Amino acid sequence: MARRTTGVTLQQLSYFIEVAAEGSITAAADLLYVAQPTLSAAMKELEARVGRALLVRSPRGVTLTTDGAEFLGYARQVVEQVALLEQRYLGGAPSRRLLGVSTQHYSFAVDAFVRMVRRTEGEQYEFSLRETRTFDIIEDVRTLRSELGILYRNDFNRNVIDKLLRDSGLEFRPLFLAEPHIFVSRKNPLAAKPRATLADLADLPRLTFDQGANNSFYFAEEILSTLSSAREIRVSDRATIFNLMIGLDGYTISTGIISDDLDPAIVAVPLDVDERIEIGWIGHDAIPLTDQAERYLDEVRAVVAGFGVTLLGEEPGSRPARSTPRPRKEG
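Residues numbered from 1 in each chain as written. Predicted model: local features only at pLDDT ≥ 70, side-chain atom pairs only at ≥ 80, totals over all residues. Heavy atoms only, no water.

As annotated in an unreviewed UniProt entry, the protein carries the name LysR family transcriptional regulator and is attributed to Kineococcus gynurae. What UniProt records for the protein under Sequence similarities (unreviewed entry) is the sentence "Belongs to the LysR transcriptional regulatory family." (UniProt positions renumbered as here; feature names shortened; annotations may be inferred.)

Draft legend 1. Broad picture of the side chain of Gln12. Secondary-structure assignment places Gln12 in helix H1 (residues 10-22). Of the residues examined, Gln12 reaches a relative accessible area of 5% and is grouped as buried. Residue contacts for Gln12: discarding those within four places in its chain leaves Gly7, Ala42, Met43, Glu45, Leu46 and Arg49. (Helix = DSSP H or I, 4+ residues; strand = E, 2+ residues; numbered from the N terminus. Buried < 20%, exposed > 50% of the residue type's maximum accessible area, 1.4 Å probe, protein only. Contact = heavy atoms within 4.5 Å.)

Draft legend 2. Seen up close, helix H5 (residues 107-119). A rise of 1.5 Å per residue sets the reference length of H5, with its 13 residues, at 18 Å; its end C-alpha atoms lie 18 Å apart and thus fit the reference within 8%. For H5, the set of buried residues is Ser107, Phe108, Ala109, Val110, Asp111, Ala112, Phe113, Arg115 and Met116. (Expected span 1.5 Å × (residues − 1).)

Draft legend 3. How the structure looks around a nonpolar patch on the surface. A surface patch of nonpolar side chains, amounting to about 340 Å² of accessible area, comprises Phe156, Val160, Phe217 and Tyr218. Assignment of secondary structure puts Val160 in helix H7 (residues 158-167). (Patch = residues over 30% accessible without salt bridge, like charges linked within 9 Å, V, L, I, M, F, W, Y side chains within 5 Å. Areas by Shrake-Rupley, 256 points an atom, 1.4 Å probe, with all protein chains shown as cover. Salt bridge = Lys/Arg side-chain N within 4 Å of Asp/Glu carboxyl O.)

Draft legend 4. Structural detail: the sheet that holds strand E11 (residues 266-270). Ordered by their spatial adjacency, 3 strands build an open sheet running E10-E7-E11, and the pairing between neighbours is antiparallel. Two strands close off the open sheet at either side, each with one partner strand: strand E10 (252-254) and E11. Adjacent strand axes in the sheet meet at a mean angle of 40° when their direction is disregarded. Sheet topology places strand E7 (residues 181-185) next to E11; 5 bridges connect them, and they run antiparallel. Opposite Ile182, over in E11, you have Val269 as the bridge partner. Contacts between helix H8 (residues 238-248) and the sheet are confined to E7, E10 and E11, with E7 contributing the most and set at about 70° to the helix. (Pairing = 2+ DSSP bridges. Axes fitted to C-alpha atoms, helices over the stretch in contact; angles between N-to-C directions.)

Here's what the structure looks like:
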């Protein structure tokens, strides 16, 4: 590595953010309307100035080093703050809001995302919301495809999830504890019961989210995944699982938090088991969240609090919830 010099420019930070997002200097150069050799030289100069390797280069493109992932978090903060400063004091154009979120299949995560987008100031933004598999959520955040992820852990999967997060340089931060519920169609006879038991579920199709090549019990989105079921159906998305709840009287186990606006045909019924579901968000342990990511978490907390669920310890620097939710908790 070249000898460290002084000074990092805002342009270099902007270039670096684009390179990291595209995973390719060539692709980033095309988007930035910069010659590829010029952008490549700018990245080498940036590494020389900070005195650390930020990118791993290969014929397939570039990936971030551990230092590069940490540096990216701070670069995003700087560029965002400069854009806000220019907008407020220099009459600049509104800054383009950026955020990527990866999550297990939770309607509260979608509801919070909708509220965040509606409340986003500025005419330009670029957001992504990926409902995906557990392992892919961790990989998305590790590689900074997403800034944060939403997933659950409990006593069964905690050690495996925590080790994978540590190995990826990530940290789990709890949001709330949920009592397990079953989600069923409003037409299902169990929908009228105050509580359901495991015996009630014995003859119903159990619906679970497919985890692909990582289809381990430890990566399942549903608790009690090791219990046998005579009728098992794996699905890949929430729309399908809801259709199967309605068409086949199937069920899945989740948090009990469900939105009338998003899921009007589905109800949540408490499940009589001695289990709790700990929901939290994951992010890089050495990278501060952007303001936009903090706003999203504000909305998650607001949605959840609206269901009467007690939030766990707030993270340092997090803001109080600002929205007024319209909750429904069945059962």
